[in-house]
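The primary structure of each chain is shown beneath.
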Amino acid sequence: MTKVVIVNTTHLANKGSMGRMEGLIRCLEKTIPHVQITLLHRYYKKDKNTFVKQLIEERPNLEVKEHPWFKEASSNLLTAMSSLLRFCFSATWRNILRKVGLPIKDEFQQCDFIIDLNLIEPNELTLISTVGDFFALFNTWYATMTGKTVMVCSATIGPYQGRFLRRLASHVLNKVDIITLREKYSQNYLQVLGINKPHVYLSADLAFLLEPADTESVLTILEGEDITMGDKPIVGMAPTAMMHPLFKQQQYVQFMAELSDFLIEDLNATIVYITHTYQDKPITENILQQVKNNHKVRILPNLSASEIKGVIGMCDIFICSRFHALVAST
């Protein structure tokens, strides 16, 4: 039996991240007979009673465990500080055991290879995103310390801000064995960073492999929101809280609200707002408050990635501001 460890997964309330992860699991199950998958999840505490539970019920060969050194705390600052200390301790202890020849018994050493799934976000000039870049690279670095084959999968890499971060990226990524990328830009950027040791392949986003939930389940979800397939046309809309700084958020809210009213008044459409990630919930609710005909608007509850893909597939029109929601619409 082949054992695979997947690391560096983000909060599964982000349906893009969940869709990529489910696409990867489906790919592994289709290509490796009797594969045993262990997911070391960074947000295990938040997701264990919801999406993690659902994943395990659907996939008997999947095991989900808490990440070995990234631990959630009461604030982002405490999470970052405590996780950094745990990373340093775990990495040092692992190297000591390896040098003295003592066995290391954990998920990493028991697997056949490791897949890193979260080098995906282009860097922005903010402290939070820069800290996120460091932790993503630390996670990849830790995986390479095991001596196992490491694959960075379906990645968007860079641009990294600052000389130290670029040097860290070059050092860490030259230690992995395989890198697959989602776009040509990242392939060119690896050359700029001097990353030439791994095998590099230009591929596609893993979310294209996500299967939608079955039709019966999707229809039940729609009926629960008082939507029937006779309510034609059904227009799905996926707003975003992330936009260009020159485009004011209030302008975007007003535009989406006016667009919703136009579709309702001119097409007699039923509008289904889809929050594809948890960051988009406040702005979606703000848009709804400004829609004049809000009796024709529904906001979906917190669903899985496959359920949301199934709902999107039922829409006659889909208007999207999120990349992975757009992928789901294909």
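As shown above, the structure is provided for reference.
The structure presented is a predicted model; accordingly, all values stated were derived computationally and were not measured.

Undergrad: Please provide a residue-by-residue account of the overall build of the chain, values included.
TA: The helix and strand inventory of the chain stands at 13 helices and eleven strands. Its C-alpha radius of gyration of 21 Å places the chain within 12% of the 20 Å reference for a compact globule of 330 residues. Residues classed as buried in the chain amount to 51% of the 330 residues present. If you average the places of the 34 positive and of the 33 negative side-chain charges in the chain, the two averages end up 12 Å apart.

Undergrad: Please give an account of the pairing of strand E1 (residues 3-9) that cites residues and values.
TA: Burial runs high along E1: six of the seven residues are buried. Where the polypeptide runs from E1 across helix H1 (residues 15-31) and back to strand E2 (residues 36-41), its parallel neighbour, the crossover connection is right-handed. In this structure, E1 lies alongside strand E4 (residues 113-116), joined through four bridges in parallel fashion. The residue of E4 that forms the bridge with Val4 is Phe113.

Undergrad: Report on the packing of helix H7 (residues 163-173) against helix H8 (residues 184-193), specifying residues and quantitative values.
TA: Close contact between H7 and H8 brings their axes to 10 Å; oriented N to C, the two are set at 100°. Judged on the interaxial angle alone, H8 and H7 are roughly perpendicular. Side by side, H7 and H8 meet where Arg166, Ala169, Ser170 and Leu173 of the first sit next to Tyr189, Leu190 and Leu193 of the second. Broken down by class, the residue content of the contact of H7 with H8 amounts to five nonpolar, one polar and one charged.

Undergrad: Residue-level account of a positive patch on the surface, with values.
TA: A cluster of like positive charges, contributed by Arg98, Lys99, Lys175 and Lys197, occupies part of the molecular surface. Here Arg98 shows up in helix H4 (residues 76-100). Classification of Arg98 by relative accessible area gives partly exposed; the value is 47%.

Undergrad: Explain the environment of Met237 to me, and be specific about the residues and the numbers.
TA: By the secondary structure assignment, Met237 is in strand E8 (residues 234-238). Residue Met237 is classed as buried on the basis of its relative accessible area of 0%. For the pair formed by Met237 and Tyr185, sequence separation is 52 residues and the distance between their alpha carbons is 28 Å. Contacts of Met237, omitting those with residues within four sequence positions, involve Met256, Leu259, Ser260, Leu263, Ile271, Val272, Tyr273, Ile274, Phe318 and Ile319.

Undergrad: Outline a nonpolar patch on the surface, supporting the account with residue identities and numerical values.
TA: Taken together, the side chains of Phe89, Trp93, Ile96, Val100 and Leu102 make up a nonpolar region of the molecular surface, amounting to roughly 540 Å² of accessible area. Relative to the helices and strands, Ile96 resides in helix H4.

Undergrad: Report on the packing of helix H9 (residues 215-224) against helix H12 (residues 305-314), specifying residues and quantitative values.
TA: Close contact between H9 and H12 brings their axes to 9 Å; oriented N to C, the two are set at 80°. With respect to each other, H9 and H12 are oriented roughly perpendicular. Mapping the contact onto sequence places Thr215, Val218, Leu219, Ile221 and Leu222 in H9 and Glu307, Gly310, Val311 and Met314 in H12. Taken together, the residues of the contact of H9 with H12 sort by class into six nonpolar, two polar and one charged.

Undergrad: Describe the packing of aromatic side chains, with residues and values.
TA: Taken as a whole, this structure holds 16 aromatic pairs when the rule is applied. Geometrically, the ring pair formed by Phe108 and Tyr142 is edge-to-face, given 5.6 Å between the ring centres and 65° between the ring planes. With Phe108 in helix H5 (residues 107-110) and Tyr142 in helix H6 (residues 127-144), this pair connects stretches of sequence that are 34 residues apart. Take Tyr142: its relative accessible area is 5%, and that puts it in the buried class. Their ring planes at 80° and their centres at 6.1 Å tell us that Phe135 and Phe138 sit as a pair that is edge-to-face. With Phe135 and Phe138 both in helix H6, this residue pair falls three residues apart, about one helical turn. One exposure class covers both Phe135 and Phe138, and it is buried. Ring pairing ties together the aromatic residues Tyr43, Trp69, Phe70, Phe87, Phe108, Phe134, Phe135, Phe138, Trp141, Tyr142 and Phe164, which thus form one cluster. For the cation-ring pair, Arg42 lies above Phe70, with the distance from its terminal atom to the ring centre recorded as 5.1 Å.

Undergrad: Any chance you could break down unusual backbone geometry for me, citing the residues and the numbers?
TA: For the bond running from Gly158 to Pro159, omega is 0°, close enough to zero to count as cis. In this structure, His34 takes a positive phi of about 60° despite not being glycine. His34 sits in the exposed class, given a relative accessible area of 68%. Notably, Ser154 is not glycine yet its phi reads approximately 55°, a positive angle. Along the chain, the position of Ser154 falls in strand E5 (residues 149-155).

Cut-offs applied
- Residues numbered from 1 in each chain as written.
- Predicted model: local features only at pLDDT ≥ 70, side-chain atom pairs only at ≥ 80, totals over all residues.
- Heavy atoms only, no water.
- Helix = DSSP H or I, 4+ residues; strand = E, 2+ residues; numbered from the N terminus.
- Rg over C-alpha atoms; globule rule 2.2 N^0.38 Å.
- Buried < 20%, exposed > 50% of the residue type's maximum accessible area, 1.4 Å probe, protein only.
- Lys, Arg positive; Asp, Glu negative; His and termini not counted.
- Charge placed at Lys NZ, Arg CZ, Asp CG, Glu CD.
- Right-handed = clockwise from strand over helix to strand, strands pointing away.
- Pairing = 2+ DSSP bridges.
- Axes fitted to C-alpha atoms, helices over the stretch in contact; angles between N-to-C directions.
- Parallel < 35°, antiparallel > 145°, perpendicular 65-115°, else oblique.
- Contact = heavy atoms within 4.5 Å.
- Nonpolar A, V, L, I, M, F, W, Y, C, P; charged D, E, K, R; others polar.
- Patch = residues over 30% accessible without salt bridge, like charges linked within 9 Å, V, L, I, M, F, W, Y side chains within 5 Å.
- Areas by Shrake-Rupley, 256 points an atom, 1.4 Å probe, with all protein chains shown as cover.
- Salt bridge = Lys/Arg side-chain N within 4 Å of Asp/Glu carboxyl O.
- Phe/Tyr/Trp six-rings, centres within 6.5 Å; stacked < 30°, edge-to-face > 60°.
- Lys NZ or Arg CZ within 6 Å of the ring centre and 35° of its normal.

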